Amino acid sequence: MSAILTTDLDHAKADLAEHGVCLVEGALEPERVKALRDRLEELAAQEIVDGTDYVYENGSNQRVWTLLNKGEMFVDLAQDPLAMRLMEHLLGPAFLLSNIDANIAGPAGNPMFLHADQSFMPDPWPPYAMVANVIWMLDDFTPENGATRIVPGSHKLCRQPDFTKADEWPEITRPVTAPAGTAMAFDGRLWHQTGANVTRDQRRFGILSYYCRPFIRSQENWFESLRPEVLEQATPALRRLLGWEHYFSLGMIDGMPRQGMRY
Ligand SMILES: O=C(O)CCC(=O)C(=O)O
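Along each chain, the written sequence defines residue order, and numbers are assigned to residues from 1. Residues qualify for local features only when their pLDDT is at least 70, as the model is predicted, and side-chain atom pairs are given and counted only at 80 or more; totals for whole chains, interfaces and linings, by contrast, use all residues. Think of the side-chain values as coming from all heavy atoms in the structure, minus any hydrogens and water.

Comments concerning the overall build of the chain
Working definition: helices are DSSP H or I runs of at least four residues, strands are E runs of at least two. Numbering for both runs from the N terminus. A count of helices and strands for the chain gives 8 helices and 11 strands. Using C-alpha atoms as the atom set, the radius of gyration is obtained and then compared with a globule rule of 2.2 Å times the number of residues to the power 0.38. Expected size for 263 residues packed as a compact globule is a radius of gyration near 18 Å; at 18 Å, the chain falls within 12% of this value. Across its three principal directions, the C-alpha atoms of the chain cover 60 × 45 × 35 Å. Summarising the internal contacts of the chain: among those between residues at least 6 apart in sequence, 80% fall at separations of at least 24. Working note: accessible area of the chain is about 12800 Å², and carbon and sulfur atoms make up 52% of it. Seen as two clouds, the 24 positive and the 36 negative side-chain charges of the chain have centres 4 Å apart. The contact criterion used is simple: two residues touch if any of their non-hydrogen atoms lie within 4.5 Å. Accessible surface area values rest on a Shrake-Rupley calculation with a 1.4 Å probe, where residue burial reflects the displayed protein chains alone. In this tally, Asp and Glu contribute negative charge and Lys and Arg positive charge; neither His nor the terminal groups of the chain are included. Lys charges are placed at NZ, Arg charges at CZ, Asp charges at CG and Glu charges at CD.

A short note on the site of the ligand
By convention in this text, a residue qualifies as near a molecule or strand provided that one of its non-hydrogen atoms is within 4 Å of it. Taken together, Arg63, Asn103, Met112, His115, Asp117, Thr148, His192, Thr194, Arg204 and Leu208 form the complete shell of residues around the ligand. A 3.5 Å cut-off defines polar contacts: any pair of N or O atoms within that distance qualifies, except that in protein one atom must be a possible hydrogen donor and the other a possible acceptor, and neighbouring residues in sequence count only when both atoms are side-chain atoms. Taking arginine 63, its side chain carries an N or O atom lying 2.7 Å from an oxygen atom of the ligand. In the environment of the ligand, an oxygen atom lies 2.8 Å from a nitrogen or oxygen atom belonging to the side chain of asparagine 103. Out of a free accessible area of 290 Å², the ligand has 93% covered by protein chains. In this count, Pro and Cys sit with the nonpolar residues alongside Ala, Val, Leu, Ile, Met, Phe, Trp and Tyr, while Asp, Glu, Lys and Arg are called charged and the others, Gly among them, polar. Across the shell around the ligand, the residue classes break down as 2 nonpolar, 5 polar and 3 charged.

Quick notes on the pairing of strand S6 (residues 131-137)
Sheet faces and side chains relate simply in a regular strand, where the side chains alternate between the two faces. Where burial is concerned, most of S6 is hidden: 7 out of the 7 residues are buried. For every residue, the accessible area obtained with a 1.4 Å probe (protein chains only) is divided by the maximum for its type, and the residue is called buried under 20%, exposed over 50%, and partly exposed between those limits. Alternating positions in S6 separate into two faces, Val131, Asn133, Ile135 and Met137 on one and Ala132, Val134 and Trp136 on the other, with burial throughout. Strand pairing follows a simple DSSP-based rule, namely that at least 2 bridges must link the two strands. Pairing of S6 with strand S11 (residues 204-212) involves 7 bridges; the strand directions are antiparallel. Along S11, the bridge assignment pairs asparagine 133 with tyrosine 210. In this sheet, strand S9 (residues 183-187) lies alongside S6 in antiparallel orientation, the contact comprising 5 bridges.

A short note on the environment of glycine 71
Its location among the elements puts glycine 71 in the loop between strand S4 (61-64) and helix H3 (72-78). Overall, the relative accessible area of 26% leaves glycine 71 in the partly exposed class.

Some remarks on the sheet that holds strand S8 (residues 174-175)
If you walk across this open sheet you meet the 3 strands as S8-S7-S10, and the pairing is antiparallel. On the outer flanks of this sheet lie S8 and strand S10 (192-193), each paired with one strand and no other. Where strand S7 (residues 149-150) and S10 come together, 2 bridges link them in antiparallel fashion. Bridge pairing links isoleucine 150 to histidine 192 in S10.

Some points on the sheet that holds S4
Strand order in the open sheet formed by 8 strands is S1-S2-S9-S6-S11-S5-S4-S3, and the pairing between neighbours is mixed. Edge positions in the sheet fall to strand S1 (5-6) and strand S3 (54-56), since each has one partner strand and no second. Examined bridge by bridge, strand S5 (residues 96-105) and S11 share 9 bridges and lie antiparallel to one another. The residue of S11 that forms the bridge with leucine 96 is cysteine 212. Orientation is described by lines fitted to C-alpha atoms, with helices fitted over the stretch in contact, and by angles between N-to-C directions that extend from 0 to 180 degrees. Across the sheet, helix H2 (residues 30-50) is in contact with S3, S4, S5 and S11; its angle to S4 comes to roughly 105°. On the sheet, helix H4 (residues 81-91) packs against strand S2 (21-24), S6, S9 and S11 and is oriented at approximately 155° with respect to S6.

Here's the deal with the pattern of salt bridges
Here the idea is simple: oppositely charged side chains can pair when their charged atoms come close. By definition, a salt bridge exists where a carboxyl oxygen of Asp or Glu is found within 4 Å of a side-chain nitrogen of Lys or Arg. If you walk through the whole model with that rule in mind, you get 10 salt bridges. The residue arginine 39 makes a salt bridge to glutamate 42 at a minimum N-O spacing of 2.9 Å. Here arginine 39 pairs with glutamate 42, and both are found in helix H2, just 3 residues apart, close to one helical turn. On the basis of relative accessible area, arginine 39 is assigned to the partly exposed category, the value being 26%. According to the relative accessible area criterion, glutamate 42 is partly exposed, its value standing at 48%. Between lysine 165 and aspartate 162 there is a salt bridge, with its nearest N and O atoms 4.0 Å apart. One salt-bridge network, in which partners are shared between bridges, spans Arg37, Glu41 and Asp139.

Describing the packing of aromatic side chains
Aromatic ring pairs: the centre-centre distance and the angle between the two ring planes describe each pair. Pairing of aromatic side chains here covers Phe, Tyr and the six-membered ring of Trp, requires ring centres within 6.5 Å, and sorts the geometry by plane angle: under 30 degrees stacked, over 60 edge-to-face, intermediate tilted. Under the definition given, this model contains 7 aromatic pairs. Seen from their ring centres, phenylalanine 95 and tyrosine 211 are 5.7 Å apart, and the 85° between their planes marks the pair as edge-to-face. Residue phenylalanine 95 is found in the loop between H4 and S5, and its partner tyrosine 211 is found in strand S11; the two are separated by 116 residues along the sequence. Residue phenylalanine 95 is classed as buried on the basis of its relative accessible area of 2%. Between the NZ or CZ atom of arginine 37 and the centre of the ring of phenylalanine 205, over which it lies, the distance is 4.0 Å. Across the ring face of phenylalanine 95, the terminal group of arginine 240 is positioned such that the distance to the ring centre comes to 5.4 Å. In our convention, an over-ring charge means Lys NZ or Arg CZ found within 6 Å of a ring centre and within 35 degrees of that ring's normal.

Structure (structure tokens):
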């Protein structure tokens, strides 16, 4: 793994350019890590009881989706100033929140297929990211507990991995190891996968804050799924992140981006 832990944003941006990934150390205070992890543990267990869970990988792994509806602490995380700066750097101003969810990699979980997050994009890909992600590490990410694996520099290839070459993935990927509280930001062109969890009893918690350029459809349909009370409380910045503001002539209402303005 070539990107190194840093607290220097210029260094982080240089790592994003060179390796497609950067690691910001101590991005979350230990108390915040604990609060987020405790709440996610509760939610994951409750969703199983309620039958609304998204458990996969033969029961090893679990996703907790649409975190904006599941607590103010996640609403704050989606708008975290560090994420905002790194995402603006990668995606330009006016980017949107595509989704925010947790991925819990549990014992015996297999690796995810190798992919890039902008795989919905037709070829050829432009030489810049269309989407980008921040993985907030809520546990130490280790090679054993399912640390995300990446192909450093693969963002420069501007294409998806070759799915017929899955036998090469263990050789070409590297685990991204870092302590809990680290923010791992990466370019949407970077090839990556959840690693295998070969521990007996460790669950690896990560929150994925996923963003996109303002002319791309978000992964979560916020207009359908956002709880009315979350929208009522939303700051102007959050409303913009969710696509409630127009972007040039996109997102207008009856031809009117804003009262009195016409395109
Ligand atoms: O949880 C991880 O390590 C990565 C998850 C991932 O690649 C994805 O959701 O696209």
